[in-house]
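The chain contents come next:
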Amino acid sequence: MRNLNRTIAGWIILCLLPALAFSQNKTISGNISDPSGHPIQGASIIIKQTSHGTVSDAEGNFTLSASARATIVISSAGFISQSFKADDWADNNRIVLKEDIAHLDEVVVTGLATTVKRRNLANAVATISSKELNGGAPAQTFDAALEGKISGASINANSGAPGGGISVKLRGTTSIFGNTQPLYVVDGVYVDNTSTSAGLNAVTAAAPGGAVTSTQDNPSSRIADLRAEDIENIEILKGASAAAIYGSKAAAGVIIITTKKGKAGRTKISVSQDIGAITARHLLGVRQYNADRAASRGADAADSARLRQDFLDAQAAGHIYNYEKEVYGNTGFARNTVLSVSGGTANTGVYFSASQKDEGGIVKNTGYRNSSLRLNIDHRINDNIKIGISTNYVNSSADRGLTGNDNVGASFGVALSSTPDFAQLHPDARGDYPANPFGTSNPLQTIAQMTNNESVNRFITGINLEALLQKNDKSNTRFIARGGVDFYNLSTTALFPGTLQFQAVNKGTSIEGGTTNLNTNYTLSLVNTFTASDKLSFTTSAGLTQETGDYKNLINVATQVISGQSNVDQAGALNATELKQKYVNQGLFIQEEANINDLFSVTGGVRFDRSSNNGDVAKYYVYPKAGVSWNLTKMGILKDGIVDNLKLRVAYGQANNVPVYGSKFTSFGISNISGFPGLLIGSREGRADIKPERQAELETGIDISLLKGRLGFVFTYYNKTIQDFLLLNALPSSSGFFSQWLNAGDLRNRGVELGMTARPIQTKNLVWNTSVNFWLNRSKVTRLSIPSVPTGGFGTGFGTFQIQEGRSATQIVGLDGSGNVVQLGDAEPTFQMNTYNEITFFEKLSLRFLLHWKQGGRNVNLTQILNDLGGTSPDYDKVTNKQNIPDGEYRAGLAASDARPFVQNSGYVRLREIGLYYSFTHLPINYIKGLRVGVSLNNFFTATKYKGYDPEVSNFGTGLSSGVDVDPYPSSKRADFHISLDF
Amino acid sequence: MKKNTILYRLLLPSLVLFSQACKKDYGDLNHATVENFIANATVPQLNNLVSGTESGMRGEVTLYLDDVGILGRDFYRLNGAEPRYVTDMVGGGQATLTGDNFYIGN
């Protein structure tokens, strides 16, 4: 105990130790500007090996006192840093920083507490700047703003429903049944990205068996709560070789988000306002009926005659409607207001933002609203201690409608699929809707009367403390503590009043879900930088991490609801479902980074991890990592000239993915009798020895920078293996169980990422920046210890995902029409490409666009077959098949016996974003410092042969089997007008 | 030397504390588990199992009687929808029992 007290005292003393006295005997002053003569505000001027320094003011001026022997380093984001000996400094020196076009001086995160300049990096770490994220054509939610921007990623929107819901897979499939989504870290806080079902399965019965929730309930992803406007930059660690140090949750990659911080200088106030309109991107169209076609729907002669007469009556009265347009043809109005204040002194920086957006959907009564407050404070307590605190409150609300698969006929798309244009669905003068004679629901009534809302209140708070513990000429040691809390309360409200046609039996259903989730995490580390000489330095870091999660979800389903009520106790029957999950992951890590004269940069590290989800909770699993980068230009092997920088790099690392919560237990199910509560053994056998999935990734590549950074190339190859991936294995029932979790096999992803950045034109009046990326991934299941398992879809009759040894992990198999199950395609695209361009005229007018090309990849399109079966597909009456019958009828006849027509190419070329912005710099009113106006189009042009609403779709959400298309909420496009003022 | 002191004073004790103190197993928060019942089950736990067995019996006893009745040649079960009663279960022709779930579950 005494030892412990001494230790604590030691901590306190070390943390609060005042600065060692400097011999400050020279005053240095100067001015910093960019190559075109504009002053650079907020550039940092630091004495090398210390944290002592200052920043430049609005005119680019600074003063600093330093010892004569000191080296002064001048740096600013986006510029190449320069260093000077204080001795050689002339008074009022004018420093011109060169623009860092190739981003070689960009600082990239390489450890939990350490960073390195890109020029020395052993990995290909993708970065998205604030401008790329949000400066083109802003998307509705943060997750949608990532689309098409990450080389090596497969990003797919699950549906177009307001509020987001996107799957991000970095470098292929990393897990079959476990988590496939990357870890999001916002200012050091591990942010939750759970998708919580609102319990819609209780109404739609999309998954059989009477469960309240299913994977087909189309929930949003919680990461969508973040505001893209607050983000300064995003770094993406795509695999274990870069992300190993994040341990337990890093197997699917890590997305590190840094929000904006206040910088020293004048306080800048910005107000921006966007106004826009949202419409459906593409509608399928509907079948044009005539009297014969109407009659052909009849079951018998009398029915046909009645339908023929119904059609003729409707036609005579002019009551032929395009219901698809009525359901999905709404124009949503969008507004977004952001106020931000940023500024500070040399010791304190403050960034504050308040924002609100409110957007309508393409279906009436749907939409999205997000209000957010953020306060980031950075404060340097003294020369040795600095602290950063970031806080964020978000209130978001999404009305998502009722779409996707259902077995009741309640969802909009399924109802539309069987409703012909001569059906009469409009309300009468009293507002009462007629029953739809062609389906089990009247979609117009459902839209008008139902509610499906997700509403979130969320706090994210992070703390970042850095204390200099020790310092001398050669070495300094810092203590770095980072951590935070992410807490949210999610309320889901799904109300289906008894007046709805499909509620005839239940007489109204009210589903109220309440979710609370608390995530905490911290990392405590010691970082020592040892500078042996100008040419050799070592950074040693060691520390410990902990992450906890506590998730509670309670869903009450009330039926026989009193008219006009939503409260679940105002009902005839009530049924509750609860799900609780809790985990703690702990890790220890040590990492060594060496830099040898910028020639070689060597990194080695090891992490020990354990998790309460593992079979053996006490056991630490060991995950090593190592990386080397070798700079050939610095070596002198390549003469200075065309090539400025040529780097070879190789990195290796391992990370894990913890087992699914509860997979180690054999649970009892409830089985009561005559008033006594009883237990029967459940159908899933637990595995006490369940292990985490282990990912090992080897990445190698070349980075080349040419023509003073104006042209750069990055080539990367990776080989990523996942050992012991988890599968839900079907057991023979003689075992007494149906299924069991198992570490069942190994799979591998191999891929290539090629990137080019260039500035083809650079004149005073015209600057064109461009980047082009190309990437592809191939996966293969290399070992499977159990028979092949279907993993998502609706069986081989329609095409299903199937894990099979020797095949791609995302293959789709199905019946070929002759009774054989064959491979029909692969969800994995052949390749993807993107290009982001910014063309600036006269430094004022800026055109930005993002083009994304996904070549190949297959979806399972069941929207089309539902429309064929319901007799409403737009091309139903075309005859292109050999049997000489209508195509719709032909395709409907293949259902469940030939899956080939349903597995369709989902490639596309999409102009995701295009925006044109103009900045006014000289304004007549002197307190307005800047005015920007712009127009943008998001998701406006898509070229695709895919026959659904959108090639981006996933009925099953973010799991392995994305691309199954069952009447989703159609995707939308948007046009916005932007104006922003700086004070 | 100073570096070593820091390591010794701060890091090592933290590591020891960390690795010893925080090992956690939350168990299954949603269900009773076999692992909890298997050793030293309490009387209320056993009562739950008894009620469960009774309840399970009511649901499954007809299938059980079908199975043992057929295997013991007590009766010959004619079921148009389920020919395996007279093929697999009585060894008709080449039929053998499989790991299928029909015999002991619904």
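Residues numbered from 1 in each chain as written. Chains lettered and ligands numbered in written order. Predicted model: local features only at pLDDT ≥ 70, side-chain atom pairs only at ≥ 80, totals over all residues. Heavy atoms only, no water.

> For this particular structure, what's the right way to read the overall build of chain A?
A tally of regular secondary structure across chain A gives 13 helices and 48 strands. Over its C-alpha atoms chain A spans a radius of gyration of 30 Å, differing by no more than 12% from the 30 Å that the globule rule assigns to 983 residues. Projected onto its principal axes, the C-alpha positions of chain A cover 105 × 70 × 55 Å. Expressed as a percentage of contacts within chain A between residues at least 6 apart in sequence, the contacts between residues at least 24 apart total 68%. Mean positive and mean negative side-chain charge positions of chain A (90 and 83 charges, respectively) differ by 6 Å. (Helix = DSSP H or I, 4+ residues; strand = E, 2+ residues; numbered from the N terminus. Rg over C-alpha atoms; globule rule 2.2 N^0.38 Å. Contact = heavy atoms within 4.5 Å. Lys, Arg positive; Asp, Glu negative; His and termini not counted. Charge placed at Lys NZ, Arg CZ, Asp CG, Glu CD.)

> Got a minute to help me understand the overall build of chain B in this structure?
Secondary structure summary: chain B contains 3 helices and 0 strands in total. Reading the helices (α) and strands (β) of chain B from amino to carboxyl end gives α-α-α. Residues classed as buried in chain B amount to 25% of the 106 residues present. A total of about 7100 Å² of accessible surface is found on chain B, and carbon and sulfur atoms cover 59% of it. (Buried < 20%, exposed > 50% of the residue type's maximum accessible area, 1.4 Å probe, protein only. Areas by Shrake-Rupley, 256 points an atom, 1.4 Å probe, with all protein chains shown as cover.)

> Sorry if this is basic, but what is going on with the nonpolar core here?
One recurring pattern in soluble globular proteins: nonpolar side chains tend to sit buried together. Residue and element names in this part refer to chain A. By size, the foremost hydrophobic cluster in this structure holds 40 residues, and its most contacted members are Tyr328, Phe412, Phe422 and Phe496. Those elements that place two or more of their residues in this core are strand 17 (265-280), helix 6 (291-296), helix 7 (301-317), helix 8 (323-328), helix 9 (412-417), helix 10 (443-449), strand 23 (475-496) and strand 25 (536-561). If we ignore the near neighbours within four places in the chain, the residues touching phenylalanine 496 are Leu200, Val203, Leu402, Met450, Thr451, Phe502, Gln503, Gly508 and Thr509. Core analysis: the second largest hydrophobic core is formed by 27 residues, Ala153, Ile231, Ile257 and Ile460 among them. (Core = buried A, V, L, I, M, F, W, Y, C linked by side-chain atoms within 4.5 Å.)

> It is not clear to me how a nonpolar patch on the surface should be interpreted in this structure. Could you clarify?
All names here are of chain A. There is a patch of nonpolar side chains on the surface, built from Ile275, Phe333, Leu916, Val935, Phe977 and Ile979 and spanning about 510 Å² of accessible area. With respect to the element layout, phenylalanine 333 can be found in strand 18 (residues 332-344). On the accessibility criterion, phenylalanine 333 (52% relative accessible area) is exposed. (Patch = residues over 30% accessible without salt bridge, like charges linked within 9 Å, V, L, I, M, F, W, Y side chains within 5 Å. Salt bridge = Lys/Arg side-chain N within 4 Å of Asp/Glu carboxyl O.)

> Would you explain the pairing of strand 22 (residues 451-471) of chain A in this entry?
Residue and element names in this part refer to chain A. Bridge analysis of strand 21 (residues 385-399) against strand 22 gives 15 bridges, and the strand direction is antiparallel. The partner of lysine 386 across the bridge, within strand 22, is glutamate 466. As defined by bridge partners, strand 22 adjoins strand 23 across 20 bridges and the pair is classed as antiparallel. By the bridge assignment, asparagine 457 is partnered in strand 23 with asparagine 489. Taking the residues between adjacent antiparallel strands as the criterion, strand 22 and strand 23 are bridged by 3 residues. (Pairing = 2+ DSSP bridges.)

> Could you clarify how one ought to interpret helix 7 of chain A in this entry?
Every α-helix winds through 3.6 residues per turn, so residues three or four apart in the chain are directed the same way. All names here are of chain A. If you check helix 7, its first and last C-alpha atoms are 24 Å apart, about what 17 residues at 1.5 Å a residue would give, namely 24 Å. For helix 7, the secondary structure elements touched by its buried residues are helix 6. Where helix 7 starts, the residue carrying a side-chain oxygen 3.2 Å from the main-chain nitrogen of alanine 302 turns out to be aspartate 300. (Expected span 1.5 Å × (residues − 1). Polar contact = N/O pair within 3.5 Å; in protein donor to acceptor, adjacent residues only side chain to side chain.)

> Would you take a moment to explain the pairing of strand 10 (residues 126-129) of chain A for this structure?
Every regular strand shows the same layout, with side chains that alternate between the two sheet faces. Residues and elements named next belong to chain A. Of the two faces of strand 10, only one is covered, namely that formed by Ala126 and Ile128; the face formed by Thr127 and Ser129 stays uncovered. Looking at chain direction, strand 10 and strand 15 (residues 231-237) are connected through 4 bridges and run antiparallel. In the strand pairing of strand 15, isoleucine 128 is matched with isoleucine 234.

> Got a minute to help me understand the sheet that holds strand 4 (residues 61-66) of chain A in this structure?
Paired through backbone hydrogen bonds, the strands of a sheet run either parallel or antiparallel to each other. All names here are of chain A. Spatially, the 3 strands line up as an open sheet ordered 4-1-7, and their pairing is mixed. Both outer strands of the open sheet, strand 4 and strand 7 (93-96), are each paired with one neighbouring strand and no more. Within the sheet, the average angular offset between the axes of one strand and its neighbour, ignoring direction, is 35°. (Axes fitted to C-alpha atoms, helices over the stretch in contact; angles between N-to-C directions.)

> Sorry if this is basic, but what is going on with the packing of aromatic side chains here?
Two measures describe an aromatic ring pair: the distance that separates the ring centres and the angle between the ring planes. Residues and elements named next belong to chain A. The tally for this structure, following the rule as stated, stands at 20 aromatic pairs over all chains. The interplanar angle of 90° and the centroid separation of 5.7 Å between the aromatic rings of phenylalanine 311 and phenylalanine 422 together place this pair among those described as edge-to-face. With phenylalanine 311 in helix 7 and phenylalanine 422 in the loop between helix 9 and helix 10, this pair connects stretches of sequence that are 111 residues apart. Across this residue pair, the class does not change: phenylalanine 311 and phenylalanine 422 are buried. On the basis of an interplanar angle of 10° and a centroid distance of 6.2 Å, the ring pair of phenylalanine 713 and phenylalanine 715 is categorised as stacked. (Phe/Tyr/Trp six-rings, centres within 6.5 Å; stacked < 30°, edge-to-face > 60°.)

> Explain the confidence of the model for chain A here, please?
In regions of low pLDDT, the predicted coordinates are not meant to be interpreted in detail. Residue and element names in this part refer to chain A. Chain-level pLDDT for chain A is 88 on average; 96% of the residues reach the 70-or-more range. The secondary structure element of chain A with the lowest average pLDDT is helix 1 (residues 2-16), at 47, and the one with the highest is helix 10, at 95. The low-confidence segment residues 9-24 (pLDDT under 50) makes 25 contacts with residues lying over four places distant or belonging to another chain. (pLDDT = per-residue confidence, 0-100.)

> Got a minute to help me understand the environment of Ala295(A) in this structure?
Residues and elements named next belong to chain A. With respect to the element layout, alanine 295 can be found in helix 6. With 12 residues separating them in the primary sequence, alanine 295 and leucine 307 have C-alpha atoms 5.3 Å apart. Those residues in contact with alanine 295, other than ones at most four positions away along the chain, are Ser304, Leu307 and Arg308.

> For this particular structure, what's the right way to read the side chain of Glu229(A)?
Residues and elements named next belong to chain A. For glutamate 229, the location among the structural elements is in the loop between helix 4 (201-204) and strand 15. Among the residues examined, glutamate 229 registers a relative accessible area of 14% and is labelled buried. Leave out the neighbours within four places in its chain, and glutamate 229 touches Asn134, Lys260, Asn336, Val338 and Tyr351.

> What exactly am I supposed to notice about unusual backbone geometry here?
Excluding glycine, residues mostly have negative phi values, and the peptide bonds linking residues are mostly trans. Residue and element names in this part refer to chain A. Its identity is not glycine, yet serine 674 carries a phi of approximately 40°, on the positive side. Within the element layout of this structure, serine 674 appears in the loop between strand 30 (668-670) and strand 31 (679-681). The class for serine 674 is exposed, based on a relative accessible area of 56%. With a phi close to 50°, phenylalanine 842 is a non-glycine residue in the positive phi region. Take phenylalanine 842: it is sitting in the loop between strand 41 (831-841) and strand 42 (845-855).

> Honestly, the sheet that holds strand 38 (residues 800-803) of chain A in this entry has me stumped. Any pointers?
All names here are of chain A. The strand order across the open sheet built from 4 strands is 37-38-39-40, with neighbouring strands paired in antiparallel fashion. What marks the edges here is a single partner per strand, and that holds for strand 37 (789-793) and strand 40 (821-826). Averaged over neighbouring strand pairs, the angle between their axes works out to 45° when direction is ignored. Relative to strand 38, strand 37 is paired through 4 bridges, and the arrangement is antiparallel. Its bridge partner being in strand 38, glycine 792 is matched across the sheet by phenylalanine 801.

> When you look at a positive patch on the surface in this model, what are you seeing that I'm missing?
Taken together, the side chains of Lys263(A), Arg266(A), Lys268(A) and Lys929(A) make up a positively charged region of the molecular surface. The topology assignment puts Lys929(A) in the loop between strand 45 (908-920) and strand 46 (930-944).

> How should I be thinking about the pattern of salt bridges in this particular structure?
Oppositely charged side chains can form a pair if their charged atoms are brought close together. Residues and elements named next belong to chain A. Tallied over the entire structure, the rule returns 47 salt bridges over all chains. The partner of glutamate 838 in a salt bridge is lysine 131, and the shortest N-O contact between them spans 3.1 Å. In this pair, glutamate 838 is assigned in strand 41 and lysine 131 in helix 2 (residues 130-134), connecting sequence segments 707 residues apart. Across the pair glutamate 952 and arginine 910 runs a salt bridge whose closest N-O atoms are separated by 2.9 Å. Highlighted residues: glutamate 952 in the loop between strand 46 and strand 47 (964-965) and arginine 910 in strand 45, separated in sequence by 42 residues. The class of glutamate 952 is buried, set by a relative accessible area of 5%. Take arginine 910: its relative accessible area is 1%, and that puts it in the buried class. Each of Arg171, Lys238, Lys647, Arg649, Glu697, Glu699, Asp703 and Glu753 takes part in salt bridges that share partners, so that together they form one network.

> Just to check I follow, could you spell out the environment of Lys844(A) for this structure?
All names here are of chain A. Note that lysine 844 resides in the loop between strand 41 and strand 42. For the pair lysine 844 and lysine 634, spaced 210 residues apart in the sequence, the C-alpha separation amounts to 38 Å. The residues touching lysine 844, leaving out its near neighbours within four places in the chain, are Tyr917, Tyr918, Ser919 and Thr921.

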